[in-house]
Amino acid sequence: MKIGLVFPNKDRRYKTMHLGLGYIAAYARQHHSNLEFTVLDTRIATRKETNAFFQTPFDLIGITVLSPVYFETIEIFKRIKNNGNIPVVLGGPYVTTIMDEIFEETPAEYAIYGEGEITFSEFVHFLKGKGNIEDIEGLMFRTSNGRITTNPPRKQIQDLDSLPIPAYELFHMDRYPLHRIVTSRGCPYMCAYCNATFMWKQNWRKRGARGLVDEIEFLVENYGKKILVFADNTFNVDLKRVEEFCDLLIRNKTKILWSTSVRADIITQPIANKMKEAGCYNVAIGIESANNDMLAKMNKGTNIEKVTEGIRIFKKAGIEVLGQFVMGAPGETLETVKESLEYAKKSECDYINFYTILPFKGTPQWDYVLEEGTIATEKIHDFHSINPRIVFETPEFPYTDRLKAIELVKKAGFYSNQDKKNWWFDVAKETSRRIQ
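Parameters and conventions
Residues numbered from 1 in each chain as written. Predicted model: local features only at pLDDT ≥ 70, side-chain atom pairs only at ≥ 80, totals over all residues. Heavy atoms only, no water. Helix = DSSP H or I, 4+ residues; strand = E, 2+ residues; numbered from the N terminus. Rg over C-alpha atoms; globule rule 2.2 N^0.38 Å. Buried < 20%, exposed > 50% of the residue type's maximum accessible area, 1.4 Å probe, protein only. Contact = heavy atoms within 4.5 Å. Areas by Shrake-Rupley, 256 points an atom, 1.4 Å probe, with all protein chains shown as cover. Lys, Arg positive; Asp, Glu negative; His and termini not counted. Charge placed at Lys NZ, Arg CZ, Asp CG, Glu CD. Pairing = 2+ DSSP bridges. Axes fitted to C-alpha atoms, helices over the stretch in contact; angles between N-to-C directions. Patch = residues over 30% accessible without salt bridge, like charges linked within 9 Å, V, L, I, M, F, W, Y side chains within 5 Å. Salt bridge = Lys/Arg side-chain N within 4 Å of Asp/Glu carboxyl O. Right-handed = clockwise from strand over helix to strand, strands pointing away. Parallel < 35°, antiparallel > 145°, perpendicular 65-115°, else oblique. Left-handed = near helix turned anticlockwise from the far one by under 90°. Nonpolar A, V, L, I, M, F, W, Y, C, P; charged D, E, K, R; others polar. pLDDT = per-residue confidence, 0-100. Phe/Tyr/Trp six-rings, centres within 6.5 Å; stacked < 30°, edge-to-face > 60°.

Draft legend 1. Looking closely at the overall build of the protein chain. Of the regular secondary structure elements, the protein chain holds 16 helices and 17 strands. Here the C-alpha atoms of the protein chain give a radius of gyration of 22 Å, agreeing with the 22 Å that 2.2 N^0.38 yields for 436 residues. For the protein chain, the spread of C-alpha atoms along the principal axes amounts to about 60 × 55 × 40 Å. With 436 residues in all, the protein chain has 57% of them scored as buried. For the protein chain, the share of sequence-separated contacts (at least 6 apart) that also reach a separation of at least 24 residues comes to 73%. With an accessible surface of roughly 18600 Å², the protein chain has 49% of that area assigned to carbon and sulfur atoms. Looking at charge distribution, the protein chain has the averaged site of its 57 positive side-chain charges lying 5 Å from that of its 56 negative ones.

Draft legend 2. Just the sheet that holds strand β14 (residues 320-327), in detail. Read from one edge to the other, the open sheet built from six strands follows the order β8-β11-β12-β13-β14-β15, with strand pairing classed as parallel. Here the strands that pair on one side only, and so sit at the sheet edges, are β8 (179-181) and β15 (351-356). Strand after strand, the sheet turns through a mean of 20° between neighbouring axes, direction not considered. The pairing of β8 with strand β11 (residues 228-230) spans three bridges and is classified as parallel.

Draft legend 3. Representation of a negative patch on the surface within the structure. Residues D367, E371, E372 and E396 make up a contiguous surface patch of negative charge. Within the secondary structure layout, E371 lies in helix α14 (residues 364-372).

Draft legend 4. Here's a closer look at the pattern of salt bridges. Applying the stated criterion to the full structure yields 21 salt bridges. Where R185 meets E115, a salt bridge forms, and the shortest distance between an N and an O atom there is 2.8 Å. Taken together, the positions of R185 in strand β9 (residues 184-185) and E115 in the loop between β5 (110-112) and α6 (117-127) put the pair 70 residues apart, joining distant regions of the chain. Judged on exposure class, the residue R185 and its partner E115 are both buried. In this structure, the salt-bridge partner of E342 is K345, at a minimum N-O distance of 3.6 Å. Of the two residues, E342 and K345 both sit in helix α13 (residues 334-346), three residues apart, roughly one turn of that helix. Judged by its relative accessible area of 48%, K345 is partly exposed. Linked through salt bridges whose partners overlap, the residues forming this network are E115, E117, R185 and R205.

Draft legend 5. Representation of unusual backbone geometry. At the junction of N387 and P388, the peptide bond is cis and its omega measures out at 0° in the coordinates. Here M99, not a glycine, exhibits a phi torsion of approximately 55°, which is positive. What makes M99 partly exposed here is its relative accessible area of 23%. At E288, a residue that is not glycine, the phi angle is positive and equals roughly 70°. Among the secondary structure elements, E288 is positioned in strand β13 (residues 280-288).

Draft legend 6. Spatial organisation of the pairing of strand β1 (residues 2-7). Of all six residues in β1, five are buried; the element is thus mostly enclosed. Two elements, β1 and strand β2 (residues 36-41), share six bridges in a ladder whose sense is parallel. Bridging from a neighbouring strand, F7 pairs with D41 of β2. You can see the chain leave β1, run along helix α1 (residues 19-31) and come back into β2, and the turn it takes is right-handed. Inspection of the sheet shows β1 paired to strand β3 (residues 60-64) by four bridges, in the parallel sense.

Draft legend 7. Molecular detail of the packing of helix α10 (residues 269-277) against helix α12 (residues 304-316). Close contact between α10 and α12 brings their axes to 8 Å; oriented N to C, the two are set at 40°. By the angle between their directions, the pair α10 and α12 is classed as oblique. In terms of crossing hand, the pair formed by α10 and α12 is right-handed. On α12, the residues that touch Q269, A272 and M275 of α10 are R312, I313, F314 and K316. Grouping the constituent residues of the contact of α10 with α12 by class yields four nonpolar, one polar and two charged.

Draft legend 8. The arrangement of the confidence of the model for the protein chain in detail. In this model, the protein chain carries a mean pLDDT of 91, and residues with pLDDT of at least 70 account for 96%. For the protein chain, per-element mean pLDDT is lowest for helix α16 (residues 423-428), which scores 53, and highest for α10, which scores 98.

Draft legend 9. Molecular detail of the packing of aromatic side chains. With the rule as written, the count across this model stands at 18 aromatic pairs. Measuring from centroid to centroid gives 5.6 Å for Y70 and Y94, while their planes differ by 85°, and the two rings are edge-to-face. Taken together, the residues span a long stretch of sequence, with Y70 in helix α3 (residues 70-81) and Y94 in helix α4 (residues 93-98) at a distance of 24 residues. When sorted by exposure, Y70 lands in the same class as Y94, which is buried.

Draft legend 10. Highlighting the sheet that holds strand β6 (residues 139-142). Pairing is mixed in the open sheet, where seven strands are placed in the order β2-β1-β3-β4-β5-β6-β7. The outermost strands of the open sheet, each flanked by one partner alone, are β2 and β7 (148-150). Each strand axis lies, on average, 20° off the axis of its neighbour in the sheet, ignoring direction. In this structure, β6 lies alongside β7, joined through three bridges in antiparallel fashion. Of the residues in β7, the one forming a bridge with F141 is T149. The strands touched by helix α2 (residues 47-54) within the sheet are β1, β2 and β3, with β2 carrying the most contacts at an inclination of about 135°.

Now the structure itself:
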């Protein structure tokens, strides 16, 4: 059975392997003996490779969908349908965010929501004539009369160590500037603006330290030594696991440089020191605001004093800090942005980024915007074409003030109109030379 997997991202700024597709392919191959996968990453594929992909008579094509590349997904559909009636299944975070709305503008027959490994594998069984489509949890599909059916959700995978490592060999690994690894899924926190809580239902699950080190050593041995980024929502939820992981790297003399996203308020000096010894050169901290009332409204569960102390701990350990701030959360005003800006200027952070916040369905931020503000469009994929990046306003923080806020942080050199989750490229490119 020939299966094509597509990562639409040709116009994005950064090159990064899509780990989700790698996991789906690896898991499916564990449960099916006759699968042949081809991956198309439109950001790094040559024209010849792209043309060859769309000329291949696949039995199934899977497309992962992110909101910034939604319109490229539509373009890809047109090319697929020009090559016969190949079934297409969509997946990825944007499907889980908007659910059956994904069928409104795409001609997709099928879509997977939630974690995709088991659902995709069972869907392959169905295409082989085994089982009923109505029994596949986590699947949505369009019936012959055009009605959309949403099957019950699938329970999340609790033992992440039971999953195989991603099928790296399907990707052109030499074309990516860094390695990415996911060491956990979900987030135990409930920040008002973040859709991780909606996506993962506050169910944080971790991989074991031993498996992480094995995967790192596999990557370095087979694909070269590059900066590693642990693409978790929060890497240091479990400090005991962090310590065990660092101890293994140190004991194995695994010489790598790595970066990750952390909570500043749950770090200790001994753990930060050990992270540094194990190769951590940079951490990204979601400071969000320097105003404690704002932090409370964002449901951050911390205060600026604890964050400041966490930054100090990392700096004392010799680890660079990227401080991240958002503008536009519930209760924000121009004055609170100014307060955050002044704090940022005086902080010990090595890098500073301010982002204009985007509301996502399923979050308190989304409800707040609809109830208290005015939104330019409720189509999230349209947010990314709005320039300047102001997609809503509120009485206490009107459009003109939001524009002033952007200009202030731009003048300071701190503004980023990129997605906050792509933070690693803002620092990794400055560090690549260290491991050449």
